[in-house]
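Next come the chains, spelled out residue by residue.
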Amino acid sequence: MHTFPVCWGLDIGHTSIKAVKLSRQGTQVTVLGYAVEPITVPEGGDREESVVSALTALGVREEFKDTPVVAALSGRQVFSRSVNIPIINPKNLDRMVELEAQQQIPGDFSEIEWGYHMSPAADGASKDVALFAVKRDLTQEVMVKCRRAGLNLVGISVSSLALYNFVRFDQVFPEDETVVILDVGAENTDIVCYQGETLWMRTLAVSGNDITKAFMKKFKVSFDEAELLKRQAGDSKQADRIIKVIESSLTELTSEVQRSLGFYKSQNASAKLDNLVISGSTFRLPGLPEYMAERLRYTVNILEDLDKIQVAPGLERDHFMHDLQSLGVAMGLALQGTGVALANVDLMPSSQQLQRVLATKRWAGLAIVAAIGAKPTLAIFDNC
């Protein structure tokens, strides 16, 4: 992916769109703007059209114009798998990953877009490779929505990697500790563990929608009404009663998290797990961070301030920090677009990537054409 001095990160969620605009000068990154745009679907209406309408309104109000945009697909939409690759001949590593991907990724390999992130394995003699693949029609859907809304889409990444990029770049933790990131989204939950350059992640089926359904059952209301109740519950002082309403969903969530972290520790016996970073608007529910801390027995870190990234003087800092809990994915996407992210998977179709570079720098496009003619198509992925 080509990188830019200014970029928008675009997190298209189930009920809202979160967008963050970052600028980079050297290694200094600054938040220039942000917005949260609700997705309102009329009764009997088309959700896809509602998303386009929300994107259009967002782009006009925030004056996106030609500013580059990086969007994300959720873990539910992306096939992911971790594999271990021995380092026999570093020059052939890319080819080895491609051959492994062809074996691991189900379906017709010619009909998917894929990429990978490589990190050192604990044994020091091999590489852990996180593979990501998506059906091409899903990336095209994102591209069509952005094009219809007049947005300059330059890349498509994965929500869990974006969140990792944000926390890894900005939040400061001891280097010898393994940091656990827990992001409860509307349709799935992402767990990311990293220590130094090593990275492990897993997507869980249990999600924020399961908590919404608990509100539906308790109060006998529609899904949309239950979602509204859940959002309003963040201002309630009756934390204990709210936790009881959703306790069965929380029990399932914590059990899945404990099983996943148990597996991670079985593969990384020396890992020191102390800090849990929680992300997502679900954690605005009163008492939920404390509940997770008690059940999981980790120090829970709420995303409520920035350690390294600056906030532009013209932006209302208090408002931004209030919303930061739900902006982690958008922050990570914008970091990738500005070129300071550590994981740089780009799932935009290769032809679109080539056209984007050709439109930006003719000489770079010619270089890529030559590279594609001489090497496997894997070379188009920025992080290979």
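Cut-offs applied
Residues numbered from 1 in each chain as written. Predicted model: local features only at pLDDT ≥ 70, side-chain atom pairs only at ≥ 80, totals over all residues. Heavy atoms only, no water. Buried < 20%, exposed > 50% of the residue type's maximum accessible area, 1.4 Å probe, protein only. Helix = DSSP H or I, 4+ residues; strand = E, 2+ residues; numbered from the N terminus. Arc of directions from axis to C-beta. Axes fitted to C-alpha atoms, helices over the stretch in contact; angles between N-to-C directions. Parallel < 35°, antiparallel > 145°, perpendicular 65-115°, else oblique. Contact = heavy atoms within 4.5 Å. Phe/Tyr/Trp six-rings, centres within 6.5 Å; stacked < 30°, edge-to-face > 60°. Pairing = 2+ DSSP bridges. Right-handed = clockwise from strand over helix to strand, strands pointing away. Salt bridge = Lys/Arg side-chain N within 4 Å of Asp/Glu carboxyl O. pLDDT = per-residue confidence, 0-100. Patch = residues over 30% accessible without salt bridge, like charges linked within 9 Å, V, L, I, M, F, W, Y side chains within 5 Å. Areas by Shrake-Rupley, 256 points an atom, 1.4 Å probe, with all protein chains shown as cover. Lys, Arg positive; Asp, Glu negative; His and termini not counted. Charge placed at Lys NZ, Arg CZ, Asp CG, Glu CD.

## Some remarks on helix H9 (residues 288-296)
Here H9 has its buried residues at Leu288, Pro289, Tyr291, Met292 and Leu296. The buried residues of H9 occupy one face: seen down the axis, they fall within an arc of 160 degrees. The exposed set on the far side of H9, more than 90 degrees from its buried face, consists of Glu290 and Glu294. The positive-phi residue at the C-terminal boundary of H9 is arginine 297, with phi of around 60 degrees.

## Notes on the packing of helix H4 (residues 159-170) against helix H11 (residues 328-338)
How two helices sit against one another is set out by the angle between their axes and by the gap between those axes. H11 packs onto H4 with a crossing angle of 80 degrees between their chain directions and a minimal axis gap of 7 Å. In terms of orientation, H4 lies roughly perpendicular with respect to H11. Two secondary-structure elements touch here, H4 through Ser159, Ala162, Leu163, Asn165, Phe166 and Phe169 and H11 through Gly328, Val329, Met331, Gly332, Leu333, Leu335 and Gln336.

## Considering the packing of aromatic side chains
For the coordinates displayed, the defined rule picks out 7 aromatic pairs. Their ring planes at 75 degrees and their centres at 5.1 Å tell us that tyrosine 34 and phenylalanine 320 sit as a pair that is edge-to-face. Here the residue tyrosine 34 occupies a position in strand S3 (residues 28-38), and phenylalanine 320 occupies one in helix H10 (residues 317-323), the gap between them amounting to 286 residues. Of the residues examined, tyrosine 34 reaches a relative accessible area of 16% and is grouped as buried. Phenylalanine 320 gets classed as buried once you look at its relative accessible area, which sits at 0%. Each residue in the set Phe109, Trp114 and Tyr116 is aromatic and connected to the rest through ring pairs, giving one cluster.

## Quick notes on the pairing of strand S12 (residues 273-279)
Two faces belong to every sheet, and in a regular strand the side chains alternate between them. Counting buried positions along S12 gives 6 out of 7 residues, so the element sits mostly inside the fold. Here strand S9 (residues 178-184) runs beside S12; their pairing, made up of 6 bridges, is parallel. Of the residues in S12, the one forming a bridge with isoleucine 181 is valine 277. Viewed along the sheet, the connection from S12 through H9 into strand S13 (residues 299-302) turns out right-handed.

## Things to note about the pattern of salt bridges
Pairing is possible between side chains that carry opposite charge, provided their charged atoms lie close to one another. Evaluation of the coordinates by the stated rule reveals 12 salt bridges. When the shortest N-O distance is used, the salt bridge between glutamate 62 and arginine 61 registers 3.3 Å. A relative accessible area of 24% places glutamate 62 in the partly exposed class. Between glutamate 98 and arginine 95 there is a salt bridge, and its shortest N-O distance comes to 3.0 Å.

## Here's the deal with the side chain of serine 260
Inspection of the secondary structure puts serine 260 in helix H8 (residues 247-267). The exposure class assigned to serine 260 is buried, which follows from its relative accessible area of 2%. For serine 260, the residues in contact, after removing those within four places along its chain, are Ile191, Trp200, Arg202 and Leu204.

## Focus: the sheet that holds S13
The 5 strands are arranged S11-S10-S9-S12-S13 in an open sheet whose pairing can be described as mixed. Each end of this open sheet is capped by a strand with a single partner; those strands are strand S11 (198-204) and S13. Sheet twist, expressed as the average angle between the axes of neighbouring strands with direction ignored, equals 20 degrees. Against the sheet, H4 contacts S9, strand S10 (189-195), S11 and S12, and its axis sits at roughly 40 degrees relative to S10. In the packing of H9 onto the sheet, contacts are made with S9, S12 and S13, and the angle to S13 comes to roughly 155 degrees.

## Examining the confidence of the model for the protein chain
Of all residues in the protein chain, 89% have pLDDT values of 70 or greater, and the mean over the chain is 86. Here residues 361-384 scores under 50 on pLDDT; set against residues more than four positions off or in separate chains, the count is 30 contacts.

## Some thoughts on the side chain of threonine 30
On the secondary structure map, threonine 30 appears in strand S3. With relative accessibility at 18%, the residue threonine 30 sits in the buried group. Setting aside residues no more than four positions away along its own chain, threonine 30 makes contact with Lys21, Leu22, Ser23, Ile309, Gln310, Val311 and Ala312.

## A closer look at unusual backbone geometry
The backbone phi angle of glutamate 63 is positive, close to 55 degrees, even though this residue is not glycine. The residue glutamate 63 is located in the loop between helix H1 (47-61) and strand S4 (68-73) in this model. The phi dihedral of lysine 220 falls on the positive side, at around 55 degrees, and the residue is not glycine. Secondary-structure assignment places lysine 220 in the loop between helix H5 (208-219) and helix H6 (223-232). The exposure class assigned to lysine 220 is exposed, which follows from its relative accessible area of 74%.

## Quick notes on a negative patch on the surface
Together, Asp108, Glu111, Asp137 and Glu141 make up a region of like negative charge exposed at the surface. Mapped onto the fold, aspartate 108 is located in the loop between helix H2 (93-104) and strand S6 (112-120). The class for aspartate 108 is partly exposed, based on a relative accessible area of 38%.

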